[in-house]
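# Inside the fold
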Amino acid sequence: MTDFHRIKRLPPYVFEQVNRIKAAARAQGADIIDLGMGNPDLDAPRHVIEKLVETAGKPRTDRYSASKGIAGLRRAQAGYYQRRFGVSLNPDTQVVATLGSKEGFANMAQAITAPGDVVLVPNPSYPIHAFGFLMAGGVIRSVPAEPTPAMFPALEKAVVHSIPKPVALVVCYPSNPTAYVANLDFYRDLVAFAKKHELILLSDLAYAEVYFDDANPPPSVLQVPGAMDVTVEFTSLSKTFSMAGWRMGFAVGNERLLAALTRVKSYLDYGAFTPIQVAATAALNGPDDCIKEMRATYKKRRDALIESFGKAGWTLPVPQASMFAWVPIPEKYRPLGSLEFSKLLLEKSDVAVAPGIGFGEHGDDYVRIALVENEQRIRQAARNIRRFFDNSDRTLHNVVPMQKAV
């Protein structure tokens, strides 16, 4: 009863091992500072909640909704792309509302993947980018994640040496987990590469509004002339409006690809609850003060994280976007690997982080730290970790190879 074909293709969920330890510690009364899951702790905007309450219970709103999204919501998303990126979209054919960007990616994989199709996916990357295609019967070939010119020789090699030829390329900037940010020059080269090799380009832009350099907001690949010919881009209200549990996202771009997604979705769901779609419309059409406040909050947390962890003896790269820091494991603990180090950090300092191995084997020297606790809690996490680091020579001599005292 356990030998199901698709289940066999999925490895054990790495994050669940940390979650079990976290739950057990909390059951024993431990005060766990959870910087693991990217689960926003901020409130959804008040005007969005009020629109949800106003709409719920009205006539006909409890009925099945539209799988691809109500017309007003798709128009609102098209308006957002026009304002933010200068990209014109036809809301009837180039916008599809999804049950979050994660569901959108998984259903797009179902729509475009034949058994054995090869898909190029960054490593490390957010798990659905690879496993959505694995569950659809595809084969994953890993490519570098950092958006630099050095990525393209690796992409060329991957195309040349893949049999059959790859059908799609996935990118995600600002990136989860690495916080890398791409610029328009990179996207121009990426679109040219995709067209040259007849690849479908799938862009995850879920963190478009979580950035800390006001002069350089992250672009959309659809800003590149001709990108619409080969691209579908996924966005979400989860981080922009702190509406993660509402499960509201979008796929926009190429009409033919979105028609395929729409057809798959029509067999699988009836769309989100109508009041949620109406409230999401209010979010997209409403004032952007809440977005600016969200950015300011995450920037303060980022700065507190960098400062306090640095004082604790753990120097962190400074992320320019996303709600994550992608952090090399301290050299002394690196031989443990990211999963065992994450377990150790949880047990010894009551701080939970996400092990990098959960995002691909090339992430095993890293952990991902999410900015989902307030500044006070982040500084407390740093103090806990400093105590752990200071005492580890005495307490971990049988676990971590330590230098002998001179």
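All values derive from a computational prediction rather than experimental measurement.

A few words on the overall build of the protein. Helix and strand content of the protein: 14 helices and 12 strands. A compact globule built from 406 residues should have a C-alpha radius of gyration of about 22 Å, and the protein, at 22 Å, falls within 12% of that. Seen through its C-alpha atoms, the protein measures out along the principal axes to roughly 70 × 55 × 55 Å. Residue burial in the protein is summarised as follows: out of 406 residues, 54% are buried. The contacts of the protein with a sequence gap of at least 6 include a subset with a gap of at least 24, amounting to 76%. Across the protein, the centroid of the 47 positively charged side chains sits 2 Å from that of the 41 negatively charged ones.

With that out of the way, let us pick up the sheet that holds strand 12 (residues 366-370). One open sheet accounts for three strands, arranged 9-12-11; its pairing is antiparallel. Of all the strands in the sheet, just strand 9 (324-328) and strand 11 (354-355) have a single pairing partner and so form its edges. Examined bridge by bridge, strand 9 and strand 12 share five bridges and lie antiparallel to one another. Of the residues in strand 12, the one forming a bridge with Ala325 is Ile369.

Relative to the assigned elements, Thr315 resides in the loop between helix 12 (289-311) and strand 9. We classify Thr315 as exposed; its relative accessible area is 67%. Along the primary structure Thr315 and Leu305 are separated by 10 residues, whereas in three dimensions their C-alpha atoms are 9.9 Å apart.

With mixed pairing, seven strands are arranged side by side in an open sheet as 2-8-7-6-5-3-4. A strand with exactly one partner marks an edge of an open sheet, and here the two such strands are strand 2 (95-98) and strand 4 (139-143). Taking each pair of neighbouring strands and ignoring which way they run, the sheet shows an average axis angle of 20 degrees. Of the strand pairs in this sheet, strand 2 and strand 8 (residues 249-253) are connected by four bridges, and their pairing is antiparallel. By the bridge assignment, Thr98 is partnered in strand 8 with Gly249. The strands touched by helix 10 (residues 255-268) within the sheet are strand 2, strand 6 (200-204), strand 7 (231-236) and strand 8, with strand 2 carrying the most contacts at an inclination of about 35 degrees.

What follows is about the UniProt feature "domain: Aminotransferase class I/classII large" (unreviewed entry) in the protein. As recorded in UniProt, the sites labelled "domain: Aminotransferase class I/classII large" (unreviewed entry) are residues 31-384. Secondary structure within residues 31-384 divides into 41% helix and 14% strand; the distance between the first and last C-alpha atoms comes to 11 Å.

This part is about the nonpolar core. Judged by nonpolar contacts, the single largest core of 89 residues is most densely connected at Phe309, Trp314 and Ile369. Mapped onto the domain boundaries, this core takes at least three residues apiece from domain 1 (5-43 + 289-391) and domain 2 (48-287). Setting aside anything within four residues of it in sequence, one finds Phe309 in contact with Leu35, Ala304, Trp314, Leu316, Ile369, Ile378, Ala381, Ala382 and Ile385. Counting residues in each nonpolar core, the second largest holds 21 residues, with Val119, Leu202, Phe234 and Leu261 among its members.

Moving on to the packing of aromatic side chains. Counted under the stated rule, the structure contains 20 aromatic pairs. Taking 5.8 Å as the distance between ring centres and 90 degrees as the angle between the ring planes, the aromatic pair formed by Trp314 and Phe341 counts as edge-to-face. On the criterion of sequence distance, the pair formed by Trp314 in the loop between helix 12 and strand 9 and Phe341 in helix 13 (residues 338-349) is long-range, its members being 27 residues apart. Of the two residues, Trp314 and Phe341, neither departs from the other in class, the shared state being buried. A network of ring pairs unites the aromatic residues Phe309, Trp314, Tyr333, Phe341, Phe388 and Phe389 as a single cluster.

Before going further, it helps to examine helix 13. Spanning 12 residues, helix 13 covers 16 Å between terminal C-alpha atoms, matching the ideal 16 Å at 1.5 Å per step. With respect to burial, helix 13 is a largely interior element, nine of its 12 residues being buried. Of the residues making up helix 13, those classed as buried are Ser338, Leu339, Phe341, Ser342, Lys343, Leu344, Leu345, Leu346 and Ser349.

What follows covers the packing of helix 3 (residues 46-55) against helix 11 (residues 274-285). Packing of helix 3 against helix 11 brings their axes to within 8 Å, and their N-to-C directions diverge by 150 degrees. Once helix 3 is placed against helix 11, the crossing between them reads as right-handed. Every residue of helix 11 that contacts helix 3 at His47, Val48, Lys51, Leu52 and Thr55 is listed here: Pro275, Ile276, Val278, Ala279, Ala282 and Ala283.

Moving on, we come to the pattern of salt bridges. This model, assessed by the stated rule, comprises 20 salt bridges. With a closest N to O distance of 3.8 Å, Lys58 and Glu54 form a salt bridge. For Lys58, a relative accessible area of 41% puts it in the partly exposed group. Judged by its relative accessible area of 43%, Glu54 falls in the partly exposed class. Sharing partners across several salt bridges, the network here consists of Asp31, Glu373 and Arg377.

Calculation criteria
- Residues numbered from 1 in each chain as written.
- Predicted model: local features only at pLDDT ≥ 70, side-chain atom pairs only at ≥ 80, totals over all residues.
- Heavy atoms only, no water.
- Helix = DSSP H or I, 4+ residues; strand = E, 2+ residues; numbered from the N terminus.
- Rg over C-alpha atoms; globule rule 2.2 N^0.38 Å.
- Buried < 20%, exposed > 50% of the residue type's maximum accessible area, 1.4 Å probe, protein only.
- Contact = heavy atoms within 4.5 Å.
- Lys, Arg positive; Asp, Glu negative; His and termini not counted.
- Charge placed at Lys NZ, Arg CZ, Asp CG, Glu CD.
- Pairing = 2+ DSSP bridges.
- Axes fitted to C-alpha atoms, helices over the stretch in contact; angles between N-to-C directions.
- UniProt positions renumbered as here; feature names shortened; annotations may be inferred.
- Core = buried A, V, L, I, M, F, W, Y, C linked by side-chain atoms within 4.5 Å.
- Domains from an automatic or database assignment.
- Phe/Tyr/Trp six-rings, centres within 6.5 Å; stacked < 30°, edge-to-face > 60°.
- Expected span 1.5 Å × (residues − 1).
- Left-handed = near helix turned anticlockwise from the far one by under 90°.
- Salt bridge = Lys/Arg side-chain N within 4 Å of Asp/Glu carboxyl O.

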